[in-house]
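Tertiary structure, described
Spelled out, the chains give:
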Amino acid sequence: MGIIVNLDIMLAKRKMRSKELSEAIGITEANLSILKSGKAKAIRFSTLAAICEVLECQPGDILEFKSNT
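Residues numbered from 1 in each chain as written. Predicted model: local features only at pLDDT ≥ 70, side-chain atom pairs only at ≥ 80, totals over all residues. Heavy atoms only, no water.

**Things to note about the overall build of the protein chain**
- For the protein chain, the helix and strand inventory stands at five helices and two strands.
- The C-alpha radius of gyration of the protein chain comes to 12 Å, within 12% of the 11 Å expected for a compact globule of 69 residues.
- The principal-axis extent of the C-alpha atoms belonging to the protein chain is close to 40 × 20 × 20 Å.
- Partitioning the intrachain contacts of the protein chain with sequence separation of at least 6 by distance along the chain shows that 67% fall at a separation of at least 24.
- About 5000 Å² of surface is accessible on the protein chain, with carbon and sulfur atoms providing 53% of the total.
- Measuring between centres, the 10 positive side-chain charges of the protein chain sit 6 Å from its 8 negative side-chain charges. (Helix = DSSP H or I, 4+ residues; strand = E, 2+ residues; numbered from the N terminus. Rg over C-alpha atoms; globule rule 2.2 N^0.38 Å. Contact = heavy atoms within 4.5 Å. Areas by Shrake-Rupley, 256 points an atom, 1.4 Å probe, with all protein chains shown as cover. Lys, Arg positive; Asp, Glu negative; His and termini not counted. Charge placed at Lys NZ, Arg CZ, Asp CG, Glu CD.)

Next up, the structure:
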């Protein structure tokens, strides 16, 4: 499976909408949607840091590794 993005879970825990997060970190809702769906090929550390700052979480709360086996 690879890397799983748990951004929806953190948004729900913080009772925040995607639109609010995208505005707070300065990316488009479309790019945030790509990230949330797991279709993103990469994420900048600055974007990840901004997400963690706004959601008051750690990168490990958002990204998870699942083995293919």
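**Section: the confidence of the model for the protein chain**
- Chain-level statistics for the protein chain give a pLDDT mean of 94 and a share of 99% at 70 or above.
- Across the protein chain, the element-wise mean pLDDT spans from 91 in strand β1 (residues 2-5) up to 97 in helix α4 (residues 45-55). (pLDDT = per-residue confidence, 0-100.)

**Some thoughts on the nonpolar core**
- In terms of nonpolar packing, the biggest core is built from 14 residues, with L7, L21, I51, L55, C57 and I62 touching the most fellow members.
- Among the secondary structure elements, those contributing two or more residues to this core are α1 (7-13), α2 (18-25), α3 (29-37) and α4.
- If one sorts the elements of this core by residue count, α4 sits on top with four residues.
- In this structure, L55 is in contact with L7, M10, L11, R14, M16 and L21, ignoring residues within four places of it in sequence. (Core = buried A, V, L, I, M, F, W, Y, C linked by side-chain atoms within 4.5 Å. Buried < 20%, exposed > 50% of the residue type's maximum accessible area, 1.4 Å probe, protein only.)

**What about the layout of surface pockets?**
- Put simply, the largest pocket is a space of about 190 Å³.
- Forming the boundary of the largest pocket are I27, N31, I34, L35, A40, K41, A42, I43, R44 and T47.
- Per element, the largest residue contribution to the lining of the largest pocket is three residues, and it comes from α3.
- Here the residues of the lining of the largest pocket sort into six nonpolar, two polar and two charged. (1 Å grid on protein atoms, 1.4 Å probe; cavity = no way out; pocket = protein on both sides within 12 Å on 5 of 7 lines; lining within 4 Å. Points joined across faces, edges and corners; volume = space filled by probe spheres on them. Nonpolar A, V, L, I, M, F, W, Y, C, P; charged D, E, K, R; others polar.)

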